[in-house]
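Here is how the chains run, residue by residue.
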Amino acid sequence: MTIYQIPFPYLQNNSERIALVEGEKKHTYREVNNRINQFATGLLRSKTDLQEERIAFFMPASLDYVTTMHGVWRAGGIAVPLNVASAVSELDHYLTCANVTRMVAGDEYQDSLRELCASLNIDLVSVEDVLSEESIALPEISAERRAMMLFTSGTTNKPKGVVSTHKTISAQITTLIEAWEWSESDVIPLFLPLHHIHGIVNILSCGLWAGATVHLYGKFDIPRISKQIVAGTYNVFMAVPTIYVKLIQYFESIDEGEVEKICNGFNAMRLNISGSAACPVKLFKQWKELTGQVLLERYGMTEIGMGISNPYNGERRAGAVGQPLPGVECQLFDEDNNPITDEAVSGEIRIKGDNVFLEYWDNEAATRESFKDGWFCTGDVAVVEDGYYRIMGRSSVDIIKSGGYKLSALEIEGVLLTHEMIAEVAVIGVEDDTWGEAVTAVVAIKNGKSLDYDSLKSWCEGKMSSYKIPKRLKIVDALPRNAMGKVTKPSLKEMLRLVGKS
Ligand code: MLC
Ligand code: AMP
């Protein structure tokens, strides 16, 4: 008998309930389970265990995605889901860093990936190529084995591979099932990208573990999703704050009767969640006024899954993220590494628990630096007020959160500095109503040269993923620096925030 270390009971039990809906197609748990086994078998070929071989995949939310993710887990590999919106120039780093040997891609992506995969000696296949009807025993895999690698931007260098084990993923799922009372009667739309924890764990994996039905969308398609909301299809909705902002902007573009129907659809749901970036109090209130839903805001990170959440039952507080989730230990620390016990004194959030990742792939130094005395140091600063955690900001100005994506200012600066007109550049995230933070390039231009926003934007295309391209350009004579010669990004940020408001 196969031992599943991430035991999705409804898959294992071949339930006849509907697991996935893709447009008009519906797939039962039994069907999905069989396909996963066929895929795992095909991946193994003559091997008995993939022994943590890194298998990348490049596909939107689909039956193929689920087949690949679970198939890799069951065959003993490490699943490396990649961002289908990545510029091909950025994929090279992910594939090389993870030493990927096989890439499973949707048909629509095969042509654009062929050359890159060939140059890196990576086997490019489709799900269909791998499926096998043969019947073999799948390996027994210990819970401590590595299962998944997600890339996350950091303050230095290129994105790092965050490795979680089968045990980590199980812990990340089960805490949410308990806290948010997932059940088999839940139906949820999934339109977030599937190379991040929000889409992978909070929605897809919790849904499949609980025996719920997950409706898969290739992208955030507001009219299609709204139609289902009006029809009362969904009872749970999870998104980043930017999505709630975009929904409100959409309401302003359609007639009032339609808005009312959509808002009634939201009103009838049991739960609306916001996370991955701060939910402004104004947005929390607007959503309540429009839909009657009190958003449940929670806090998480690629390295820990979810850590802190407002209560499902009980007061959900605007501007706060709530209390540590079941099984998650959370403590604030001051700059001298002393635990903070007083309320209203801010400090860095540090986390312990089975939900915490194992390591940054092939980067012992970064792993070591991110843990202190067994606590994972998140780099986020919070206070506790009346038992509720409130996020105050991040310890690094070089991390930008735009529409829920974590971006490295240094990575973007590195590309911009190769522009022939640019003498020096500082990239910062400036407060923005839609994106949370808008990537802003503050640039000093070489003597005698000129640069406008549109030409910079077109120059960036293809050199970085489109969501990283600066939304704004500010030209200065020289960047402000402190006595040590370091660019004073916090003052730049404040200056541009005030300019934006004037
Ligand atoms: C898209 N664009 C963005 C952007 N997303 N620009 C800045 N920031 C973003 N996040 C740009 C595109 O480049 C394009 O630019 C234009 O917007 C339209 O693109 P689109 O793809 O049609 O946009 P849309 O579908 O509206 O996408 C917005 C979005 C998406 C909010 C749906 O960004 C998204 O799915 N974000 C969620 C990311 C996520 O899941 N994060 C969780 C990380 S895990 P142009 O110029 O070409 O028109 C984590 C832990 C935790 O944080 O706690 O959960
Ligand atoms: P990522 O590395 O992409 O997983 O992003 C994790 C980061 O998103 C955290 O370290 C926080 O900075 C931020 N984040 C997630 N949820 C929230 C939230 N509710 N409020 C503020 N910041 C958040």
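Residues numbered from 1 in each chain as written. Chains lettered and ligands numbered in written order. Predicted model: local features only at pLDDT ≥ 70, side-chain atom pairs only at ≥ 80, totals over all residues. Heavy atoms only, no water.

As for the pattern of salt bridges
- Scanning the entire structure with this criterion turns up 29 salt bridges.
- Note that glutamate 128 is salt-bridged to arginine 35, the shortest N-O span being 3.5 Å. Placement of the pair is glutamate 128 in helix 6 (residues 127-130) and arginine 35 in helix 2 (residues 29-44), with a sequence separation of 93 residues.
- Measuring nitrogen to oxygen at the nearest pair gives 2.9 Å for the salt bridge that ties aspartate 49 to arginine 145. Taken together, the positions of aspartate 49 in the loop between helix 2 and strand 3 (54-58) and arginine 145 in the loop between helix 6 and strand 7 (146-152) put the pair 96 residues apart, joining distant regions of the chain. Exposure class is identical for aspartate 49 and arginine 145. Each is buried.
- One network of salt bridges, with partners in common, ties together Asp49, Glu52, Arg145, Arg146 and Glu359. (Salt bridge = Lys/Arg side-chain N within 4 Å of Asp/Glu carboxyl O. Helix = DSSP H or I, 4+ residues; strand = E, 2+ residues; numbered from the N terminus. Buried < 20%, exposed > 50% of the residue type's maximum accessible area, 1.4 Å probe, protein only.)

Overview of the site of ligand 1
- As a structural note, the neighbourhood of ligand 1 is formed by 26 residues, with Ser276, Arg298, Lys401, Ser402 and Ser466 the closest of them.
- Here an oxygen atom of ligand 1 sits 3.3 Å away from a polar atom, N or O, in the main chain of glycine 300.
- Backbone polar atom of glycine 404 to a nitrogen atom of ligand 1: 3.0 Å apart, as the coordinates give it.
- Protein contact buries 78% of the 1000 Å² of open area that ligand 1 shows by itself.
- Only helix 8 (197-210), helix 10 (241-251), strand 13 (296-301) and strand 22 (399-402) provide two or more residues apiece to the shell around ligand 1.
- Of the residues that constitute the shell around ligand 1, the class distribution is 11 nonpolar, 9 polar and 6 charged.
- If you count residues domain by domain, the shell around ligand 1 takes at least three from each of domain 2 (197-345 + 380-394) and domain 3 (399-501). (Near = heavy atom within 4 Å. Polar contact = N/O pair within 3.5 Å; in protein donor to acceptor, adjacent residues only side chain to side chain. Areas by Shrake-Rupley, 256 points an atom, 1.4 Å probe, with all protein chains shown as cover. Nonpolar A, V, L, I, M, F, W, Y, C, P; charged D, E, K, R; others polar. Domains from an automatic or database assignment.)

Re the sheet that holds strand 12 (residues 271-274)
- Taking strand neighbours across the sheet as the criterion, the 5 strands line up as 11-12-13-14-15 in an open arrangement whose pairing is mixed. Edge positions in the sheet fall to strand 11 (236-239) and strand 15 (323-324), since each has one partner strand and no second.
- Against the sheet, helix 10 touches strand 11 and strand 12, its axis set at about 110 degrees to strand 11. (Pairing = 2+ DSSP bridges. Contact = heavy atoms within 4.5 Å. Axes fitted to C-alpha atoms, helices over the stretch in contact; angles between N-to-C directions.)

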